[in-house]
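A closer look at the structure
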Amino acid sequence: MTGDGRIMPQYAILIYEKELPGGVADIPPEVMEANLSAGEKIAAMGVKVVHEQGLQSSAETRTIRKDGLVTDGPFLEAKEVIAGFFVIEAADLDQAIAVGKLLPIMDGAVEVRPLLEM
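Residues numbered from 1 in each chain as written. Predicted model: local features only at pLDDT ≥ 70, side-chain atom pairs only at ≥ 80, totals over all residues. Heavy atoms only, no water.

Glancing now at the pattern of salt bridges. If charged atoms from side chains of opposite charge come close, those side chains can pair. Applying the stated rule across the entire model yields three salt bridges. Of the charged contacts, one joins K18 and D107 as a salt bridge, the two residues approaching to 3.2 Å between their closest N and O atoms. Of the two residues, K18 is situated in the loop between β1 (10-17) and α1 (29-44) and D107 in the loop between α2 (93-102) and β6 (109-114); the sequence distance between them amounts to 89 residues. A residue is classified by how much of its surface remains accessible, and D107, at 40% relative accessible area, is partly exposed. Between E111 and R113 there is a salt bridge; the shortest N-O distance is 2.5 Å. (Salt bridge = Lys/Arg side-chain N within 4 Å of Asp/Glu carboxyl O. Helix = DSSP H or I, 4+ residues; strand = E, 2+ residues; numbered from the N terminus. Buried < 20%, exposed > 50% of the residue type's maximum accessible area, 1.4 Å probe, protein only.)

What follows is the structure in structure tokens.
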């Protein structure tokens with residue numbers, strides 16, 4: 001919420017990475033430290049993190065097809081998988097992109113997507 005009571009727009013930040021064989025244990029220490037320190041930098045920008053969540057390995061994923069069939073693994077075959085996501089409240093898309101640029105990426109990408117207002 002802004003100082004004048006308006007609700008700030010929300011954005012999903014999706015983190016894509018190649019999966020590491022040992023999962024989180026294989027993340028280099030400098031990347032893990034950069035991830036942990038990102039929260040302070042985000043707060044200093046005046047951005048509120050509404051929710052954040054890391055995801056387990058894609059081996060734990062189940063996909064439900066439109067016919068109701070449940071299959072192992074993610075829906076798409078891709079080099080990168082969604083490693084985690086969070087939702088932020090930011091002034092605008094440019095500020096949300098600035099947050100995305102703070103995140104350390106080893107071999108993937110960050111997607112910034114505005115949420116629908118309900």
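Let us look at the sheet that holds strand β5 (residues 81-89). Across the sheet, four strands lie side by side as β2-β5-β1-β6; this open sheet has antiparallel pairing. Two strands bound the open sheet, and with one partner strand each, they are β2 (48-54) and β6. For this sheet the average axis-to-axis angle between neighbouring strands, irrespective of direction, equals 20°. Relative to β5, β1 runs antiparallel, the two sharing eight bridges. Counterpart to L14 in the pairing with β5 is F85. Strands in contact with α2 are β1, β5 and β6; relative to β6, the strand with the most contacts, it is inclined by about 155°. (Pairing = 2+ DSSP bridges. Axes fitted to C-alpha atoms, helices over the stretch in contact; angles between N-to-C directions. Contact = heavy atoms within 4.5 Å.)

Read these as layout, nothing more, since geometry by itself doesn't imply function.
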